[in-house]
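Observations on chain architecture
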Amino acid sequence: MMLFWVSTLILIAIGAVIIIVPLWQAKSTDEDAQRDQLNKAFYKDRLAELEEESSEGLVSNQEEMIKELKQSLLDDIPQSKSSTITDSSNARAFIVPALLVFVAVTYALYFKFGNLDKVEQWQDVAQRLPALSQKLMAPEGVELTEKEMVEIILSLRTKLHDQPNDAMGWLLLGRIGMANRDAETASGAMEKAYRLEPGNPDIQLGYAQAMMLSGDEDQANRARDMLRVVVSKDSTNLRALSLLAFDSFERGDYRGAIVAWSTMKKAIGPDDNRYEMLNRSIERAHSRMNPEKVVAGKSVTVTIELSDAVQLPKQGVVIVSIHSADGARMPVAAVRLPIGQFPLTVTLDDSNSMIAERKLTSLTELMVRTRIDLDGNVSTKAGDWYGESEAVAFGEPVTVLINKQY
């Protein structure tokens, strides 16, 4: 704010000079002095004319006419310079009122139309960046509100404007962009971070993830190569292995997904609470490789159809979730599939269960929900198309029509 007030004072000073100078030099508009100069010039011109007319014999009483001309000039000469002094004093008397009006009007217009409250809010948010960043990086379960997310983006952009070489700042902005489904912000920020620190593993992973979500196959291939380089240098990098496994599974490379998940299992050990989840992922990949081994009566076959109103996006995934018949929000089993040709048929069994304590086969009745997810983030739904089935008995085939949009 100090810079703001200094800047306005400088501008006010410039405006004051523009006002004061003309009023202070009011003598330049002295009408009596101007009239005196004009009379003298007229007198000299008339004398020259009389001389010329006399030499040509056109004037016989030259001396008398010169005397009349002089008398006329004397009658028109100002008696004193009091009028000049008065005019100058009057003009200078307006300097202080003019300056007061100028300052008052200037600041009044700014406070009315200059959005000073928004500028102050922007400065306040920029100063809160450390606190907002700590909350963003807090343990799982602490979420930023929509207002706080807007504030942290604003404060980050302000910091990056002043410090454009802050690679970690660009990385954080890229992660926020991915969380907000803002692909343009995510890819742009991650690319800038990568240019600043191409050897940083965290930045490499963030940039690779952004390229995978871009929907561009060339960028996706580049991301895979980048992830393989990270794994070759650190075979225990769980995030890189997870991204490779998910990408392989989505592309139908189930063997590659199994290799990546198996490597993750070795890295974390059986005591880690993620170990069982990796086992289920591996079982799901095996079932995809050998669909004939899925036991009849212990699985649910779902056929997904689209209404004519649905427009498929260029990127995204299909999420199929099975819920208890009462429509509980938490799914019992779920699977993510790449967008392909519709109608789409998928079979879910116990390997797709969300938690080990509650298997899919524990249900007697169920309902199915399907969603075309645009960004792969299950917590964001705006713009996604979806559909759900009626409650059916376990084992019966289910057809779901996607015909609604969030």
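Residues numbered from 1 in each chain as written. Predicted model: local features only at pLDDT ≥ 70, side-chain atom pairs only at ≥ 80, totals over all residues. Heavy atoms only, no water.

**Digging into the sheet that holds strand β1 (residues 300-306)**
Reading across the sheet, the 3 strands line up as β4-β1-β8 and stay open at both edges, with mixed pairing between neighbours. Each end of this open sheet is capped by a strand with a single partner; those strands are β4 (344-348) and β8 (398-402). Averaged over all adjacent pairs, the angle separating strand axes in this sheet is 25 degrees, with direction ignored. Strand direction decides the pairing type here: β1 and β8, joined by 5 bridges, are parallel. Considered in β8, the bridge of T303 is made with T399. (Pairing = 2+ DSSP bridges. Helix = DSSP H or I, 4+ residues; strand = E, 2+ residues; numbered from the N terminus. Axes fitted to C-alpha atoms, helices over the stretch in contact; angles between N-to-C directions.)

**Side note on the pairing of strand β5 (residues 365-373)**
Here β5 lies mainly inside the structure; 7 of its 9 residues are buried. Two elements, β5 and strand β7 (residues 392-393), share 2 bridges in a ladder whose sense is antiparallel. Each bridged residue has a counterpart across the sheet, and for L366 the counterpart in β7 is V392. Note that β5 and strand β6 (residues 385-388) share 4 bridges and pair antiparallel. Across the sheet, I372 pairs through a bridge with W385, a residue of β6. (Buried < 20%, exposed > 50% of the residue type's maximum accessible area, 1.4 Å probe, protein only.)

**So, the packing of aromatic side chains**
To describe a pair of aromatic rings, one takes the distance between the centres and the angle between the planes. The full count for this structure, using the stated rule, is 4 aromatic pairs. Judged by centre distance (5.8 Å) and plane angle (50 degrees), the rings of F249 and W261 are tilted. Here the residue F249 occupies a position in helix α13 (residues 238-250), and W261 occupies one in helix α14 (residues 254-268), the gap between them amounting to 12 residues. Judged by relative accessible area, which is 6%, F249 ranks as buried. The buried category is assigned to W261, whose relative accessible area is 9%. Of the aromatic side chains, those joined through ring pairs into one cluster are F249, Y254 and W261. (Phe/Tyr/Trp six-rings, centres within 6.5 Å; stacked < 30°, edge-to-face > 60°.)

**Observations concerning the side chain of E250**
Along the chain, E250 falls in helix α13. No salt bridge is formed by the buried E250; the nearest opposite charge belongs to R336, separated by 4.8 Å. (Lys, Arg positive; Asp, Glu negative; His and termini not counted. Salt bridge = Lys/Arg side-chain N within 4 Å of Asp/Glu carboxyl O.)

**So, the nonpolar core**
Counting residues in hydrophobic clusters, the biggest one holds 42 residues, and the most contacted among them are L227 and W261. Within the residue set of this core, elements represented by two or more residues are α8 (146-162), α9 (167-179), α10 (183-196), α11 (201-212), α12 (217-233), α13, α14 and α15 (275-289). When near neighbours in sequence (up to four residues on either side) are disregarded, L227 contacts L205, A208, M212, A240, L243 and L244. Counting residues in each nonpolar core, the second largest holds 26 residues, with V320, F342, F394 and I402 among its members. (Core = buried A, V, L, I, M, F, W, Y, C linked by side-chain atoms within 4.5 Å. Contact = heavy atoms within 4.5 Å.)

**Comments concerning the environment of D166**
Here D166 is to be found in the loop between α8 and α9. The class for D166 is buried, based on a relative accessible area of 17%. In sequence terms D166 and L196 are 30 residues apart; their C-alpha atoms lie 7.9 Å from each other. At 3.4 Å, the side chain of D166 and the backbone nitrogen of M168 are in polar contact. (Polar contact = N/O pair within 3.5 Å; in protein donor to acceptor, adjacent residues only side chain to side chain.)

**Here we look at the confidence of the model for the chain**
In this model, the chain carries a mean pLDDT of 78, and residues with pLDDT of at least 70 account for 76%. The element-level mean pLDDT for the chain is lowest in helix α4 (residues 82-93), coming to 58, with β8 highest at 92. (pLDDT = per-residue confidence, 0-100.)

**Quick look at the packing of α14 against α15**
It is at 9 Å that the axes of α14 and α15 come closest, and there the two elements cross at 160 degrees. Overall, the two elements α14 and α15 adopt an arrangement that is roughly antiparallel. You can see that α14 and α15 cross each other, and the crossing is left-handed. Within the contact between the two elements, α14 uses Y254, R255, I258, W261, S262, M264, K265 and I268 and α15 uses Y275, L278, N279, S281, I282, A285, H286, R288 and M289. (Parallel < 35°, antiparallel > 145°, perpendicular 65-115°, else oblique. Left-handed = near helix turned anticlockwise from the far one by under 90°.)

**Let's talk about the environment of G169**
Here G169 shows up in helix α9. The spatial distance from the C-alpha of G169 to the C-alpha of K159 is 8.1 Å, given a sequence separation of 10 residues. Residue contacts for G169: discarding those within four places in its chain leaves L156 and L160.

**Considerations on the pattern of salt bridges**
Taken as a whole and judged by the stated rule, the model has 10 salt bridges. Between E388 and R369 there is a salt bridge; the shortest N-O distance is 3.2 Å. Within this pair, whereas E388 is found in strand β6, its partner R369 is found in strand β5, the two being separated by 19 residues in sequence. Using a relative accessible area of 44% as the deciding quantity, one classes E388 as partly exposed. Take R369: its relative accessible area is 23%, and that puts it in the partly exposed class. Between R371 and D373 there is a salt bridge, with the nearest N and O atoms lying 2.5 Å from each other.

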